[in-house]
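Here's the letter readout for the chains.
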Amino acid sequence: MEQLTPADVSLPPVPDQEGKRRALRRMKLVALAFLLGATVIFLLATWAQSAGWPGWVGYVRAAAEAGMVGALADWFAVTALFRRPLGLPIPHTAIIPSKKNMIGSSLGEFVGTNFLSEHVVRDKLQRVQVSRRFGEWLAKPENAERVTSELATVVRGVVTVLKDEDVQAVMEQAVVRRVVEQPWGPPLGKLLQQVFADGAHYKLVDLMCDRAYEWVRDNHATVLRVVSDRAPSWSPKFVDAMLADKVYGEVLSFAWAVKTDVNHPMRLALDKFLGEFAQDLQNDPETMARAEQVKQQILDHPDVQKLIGSAWSTAKGMLLTAAEDPSSELRRRVREGLRTLGERLVSDEGLGGKVDGWVQGAAAYVVRNYSTEITTIITDTVERWDAEETSRKVELQVGRDLQFIRINGTVVGALAGLVIYTVAQLLF
């Protein structure tokens, strides 16, 4: 990779540079006009004094002379900040170009000490009330919709970027393998035990009894055929028919009794069997082993394998469809959830206090542990700037105000010269 030198790096552009450049030139001309004015007055006063004009000319000459000195001294001071005056190698001039890196380091240290301290950041965030402001903004429907749209864009981007084979591998590693490794017996037994204890299985038992009765009722011929087929070959046909009809009546009566009597011995036996089965799934090694065999048979079934393989594709399609449709149930729920969160942040002081505490803690952690890295952005950036261009840019920003130093130097110098000359005349 090509290494950049300071000369290759320019300062970022500043808006309205041309306007600031014109203003700087105007102020330089004004400051120069003050110097030229003091010079002209000094020359005229010197000529008038040599020509024998009255004594007041001396006061004017002293004021003009001191104004010239003040203007030149302040011109030198202002110019020495940005470049060498008249190009002469005078010590301690061109301060900004020569001390650029030191200025950047001092600026970074100043920012780190006075702005990136933990108590300053905490105090500022506490006064800002981040949670309330964010809640008021998020509670507005248009802002909730905007955040939802941005989240949908992120989801679409993430889902699109992810490779199907990578996600599939992760799912098989994290989900399928964990399902295979965990035994099914004990957790399934606990679940069934809870279901049986709550009586939630009674509706299923009722449904089974109803369907059993309906099947017996609607399959009279089938029952007769089964009984007839089981009868001895030597038995007369009319006897077989009578016996089959009697068996059908008994079976139908039994099915009706089981259907209508909730305390029927058959139902009680079924409840007992189910309770024992739930216990065996948790404690009986043989039953647990058989449950594992069933689990493996289910997972090895081609349809289940196909379902596992297409799970991500199905989920991906559902996510993309829901994310792209503004009226989808997913986006509607996210939008309503965000709006509700915003309202709670405003109305619930406890929640708002927690969020503010989290924000302050996170900001304090960043400042406490990474303030040095943050301030190096300033120092490293300044170090990469070109020295001469840095000087020009800084002068463009503050040079106009610095020209007032030259103007004030001319005026104050003139007044000081006049006072000194006056005192000298009075004393001597």
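Residues numbered from 1 in each chain as written. Predicted model: local features only at pLDDT ≥ 70, side-chain atom pairs only at ≥ 80, totals over all residues. Heavy atoms only, no water.

As recorded in an unreviewed UniProt entry, the protein goes by the name DUF445 domain-containing protein, listed as coming from Amycolatopsis thermalba.

Student: So what's going on with the overall build of the protein? Residues and values would help.
Tutor: Looking only at helices and strands, the protein has 18 helices and 0 strands in total. The contacts of the protein with a sequence gap of at least 6 include a subset with a gap of at least 24, amounting to 73%. (Helix = DSSP H or I, 4+ residues; strand = E, 2+ residues; numbered from the N terminus. Contact = heavy atoms within 4.5 Å.)

Student: Explain the nonpolar core to me, and be specific about the residues and the numbers.
Tutor: Of all hydrophobic cores here, the largest spans 6 residues; its members are Leu192, Phe196, Leu274, Ala278, Leu281 and Ala291. Broken down by secondary-structure element, the contributors of at least two residues to this core are helix H9 (185-198) and helix H13 (265-283). At 3 residues, H13 tops the list of elements feeding residues into this core. Apart from residues no more than four positions distant in its own chain, leucine 192 is found in contact with Phe277, Ala278 and Leu281. (Core = buried A, V, L, I, M, F, W, Y, C linked by side-chain atoms within 4.5 Å. Buried < 20%, exposed > 50% of the residue type's maximum accessible area, 1.4 Å probe, protein only.)

Student: Can you explain the UniProt feature "transmembrane region" (unreviewed entry) in the protein? Please cite residues and give values.
Tutor: The feature "transmembrane region" (unreviewed entry), as annotated in UniProt, sits at residues 29-48 in this numbering. Structurally, residues 29-48 is divided into 100% helix and 0% strand, and its ends, taken at the C-alpha atoms, are 28 Å apart. (UniProt positions renumbered as here; feature names shortened; annotations may be inferred.)

Student: Any details on helix H6 (residues 130-138)? Residues and values, ideally.
Tutor: Every buried residue of H6 is accounted for by Ser131, Gly135 and Leu138. Down the axis of H6, the sector holding all buried residues measures 70°, keeping them to one side. Buried residues along H6 sit against helix H7 (141-161), helix H16 (329-347) and helix H17 (349-384). (Arc of directions from axis to C-beta.)

Student: Describe the packing of aromatic side chains, and please don't skip the residues or the numbers.
Tutor: According to the stated counting rule, one finds 6 aromatic pairs in the structure shown. A centroid spacing of 5.0 Å and a plane angle of 85° characterise the contact between tyrosine 59 and tyrosine 421, whose relative ring orientation is edge-to-face. Linking tyrosine 59 in helix H2 (residues 56-82) with tyrosine 421 in helix H18 (residues 387-427), this pair joins segments that are 362 residues apart in sequence. Taking relative accessible area as the criterion, tyrosine 421 reaches 23% and is therefore assigned partly exposed. Between phenylalanine 134 and tryptophan 137 the ring centres are 6.3 Å apart and the planes differ by 25°, which places this aromatic pair in the stacked class. Taken together, the positions of phenylalanine 134 and tryptophan 137, both in helix H6 and 3 residues apart, correspond to about one turn of that helix. The class of tryptophan 137 is partly exposed, set by a relative accessible area of 34%. (Phe/Tyr/Trp six-rings, centres within 6.5 Å; stacked < 30°, edge-to-face > 60°.)

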